[in-house]
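Here are the chains, one letter per residue:
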Amino acid sequence: MTPPPIHSGVNPPARRRSGREGPRELTAAFRRYVDRVQSVQDPTARDDLEAALSLAEEVMGHRRTAAVDASLAEAYGANIRQLAKAVRQAGKGAVAHPALLARAIVLARALERTGAGRRAGRTLRERELAGAR
């Protein structure tokens, strides 16, 4: 009998997501993103960033950290703003645009992948510094 697999993630393996979930889950997450983006009267880059990070959290299933990495916003800021602008221009029918949904999923996966890599690197550095003392 094989022992259960050991994992070191925030969520157990059954709860982890790959960004390739069923269409209903992705569509629902995208619908919430569209609602967030379109509900803001005078949108700022910060509003768009918050909406994109929430989308990444919902699509990928990881909890966000309290501090938003400024370099993450700098690296993907233009993509985040372009997607939000396209969603605003599409109006109420934005949820029905498959190209917008695809762009949102790609952005969410990129944000999560980049953020996860930075968190892992930060944790490794902290462990190395703790071991050096």
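In this text the structure is predicted, and so the values were computed from the model without any measurement. (Residues numbered from 1 in each chain as written. Predicted model: local features only at pLDDT ≥ 70, side-chain atom pairs only at ≥ 80, totals over all residues. Heavy atoms only, no water.)

Novice: So what's going on with the overall build of the protein chain? Which residues, and what values?
Specialist: A tally of regular secondary structure across the protein chain gives four helices and zero strands. Ordering the α and β elements of the protein chain from the N terminus gives α-α-α-α. Every one of the 133 residues in the protein chain was classed for burial, and the buried ones make up 29%. Here the protein chain has roughly 8,800 Å² of accessible surface; of this, 55% comes from carbon and sulfur atoms. (Helix = DSSP H or I, 4+ residues; strand = E, 2+ residues; numbered from the N terminus. Buried < 20%, exposed > 50% of the residue type's maximum accessible area, 1.4 Å probe, protein only. Areas by Shrake-Rupley, 256 points an atom, 1.4 Å probe, with all protein chains shown as cover.)

Novice: Outline the pattern of salt bridges, listing residues and values.
Specialist: Overall, the coordinates contain five salt bridges when judged by the stated rule. Note that Glu58 and Arg32 form a salt bridge whose closest N and O atoms lie 2.8 Å from each other. In this pair, Glu58 is assigned in helix 2 (residues 45–60) and Arg32 in helix 1 (residues 23–39), connecting sequence segments 26 residues apart. What makes Arg32 partly exposed here is its relative accessible area of 40%. Here Asp48 ties to Arg88 by a salt bridge, and the two come within 2.4 Å at their closest N and O atoms. You can see Asp48 sitting in helix 2 and its partner Arg88 sitting in helix 3 (residues 70–90), a full 40 residues away along the chain. Here the residues in one salt-bridge network are Arg32, Arg36 and Glu58, joined through shared partners. (Salt bridge = Lys/Arg side-chain N within 4 Å of Asp/Glu carboxyl O.)

Novice: Before we move on, could you go through helix 1 and cite the residues and values that matter?
Specialist: Compared with the 24 Å implied by 1.5 Å per residue over 17 residues, the 24 Å span of helix 1 between its first and last C-alpha is a close match. Every buried residue of helix 1 is accounted for by Leu26, Ala29, Phe30, Tyr33, Val34 and Val37. For helix 1, the buried positions fall inside an angular range of 145° around the axis, keeping them on one side. (Expected span 1.5 Å × (residues − 1). Arc of directions from axis to C-beta.)

Novice: Please set out helix 2 residue by residue, giving values where relevant.
Specialist: The end-to-end C-alpha distance of helix 2, which contains 16 residues, comes to 22 Å, matching closely the 22 Å that a straight helix rising 1.5 Å per residue would cover. By the burial criterion, the buried members of helix 2 are Asp48, Leu49, Ala51, Ala52, Leu53, Ser54, Leu55, Ala56, Val59 and Met60. Count one or two residues on from helix 2 and you reach Gly61, which has phi positive near 80°.

Novice: Give me the environment of Tyr33: which residues, what numbers.
Specialist: Within the secondary structure, Tyr33 is located in helix 1. Note: C-alpha distance between Tyr33 and Val95 (62 residues apart in sequence) is 9.3 Å.

Novice: Break down the side chain of Asp48 for me, with residues and values.
Specialist: Using a relative accessible area of 2% as the deciding quantity, one classes Asp48 as buried. Looking at Asp48, its side chain comes within polar contact range of the side chain of Arg88, at 2.4 Å. With sequence-adjacent residues up to four places away left out, Asp48 is seen in contact with Pro43, Ile80, Arg81, Ala84 and Arg88. (Polar contact = N/O pair within 3.5 Å; in protein donor to acceptor, adjacent residues only side chain to side chain. Contact = heavy atoms within 4.5 Å.)

Novice: Now, about the packing of helix 1 against helix 2: what can you tell me, with residues and values included?
Specialist: Two elements in contact, helix 1 and helix 2, have axes separated by 10 Å at closest approach and are oriented at 165°. Relative to helix 2, the element helix 1 is oriented roughly antiparallel. When the axes of helix 1 and helix 2 are compared, the crossing they make is right-handed. Here Leu26, Ala29, Phe30, Arg32, Tyr33, Arg36 and Val37 of helix 1 lie close against helix 2, whose contacting residues are Ala51, Ala52, Ser54, Leu55, Glu58 and Val59. (Axes fitted to C-alpha atoms, helices over the stretch in contact; angles between N-to-C directions. Parallel < 35°, antiparallel > 145°, perpendicular 65-115°, else oblique. Left-handed = near helix turned anticlockwise from the far one by under 90°.)

As far as function goes, none of this settles anything; it's purely spatial.
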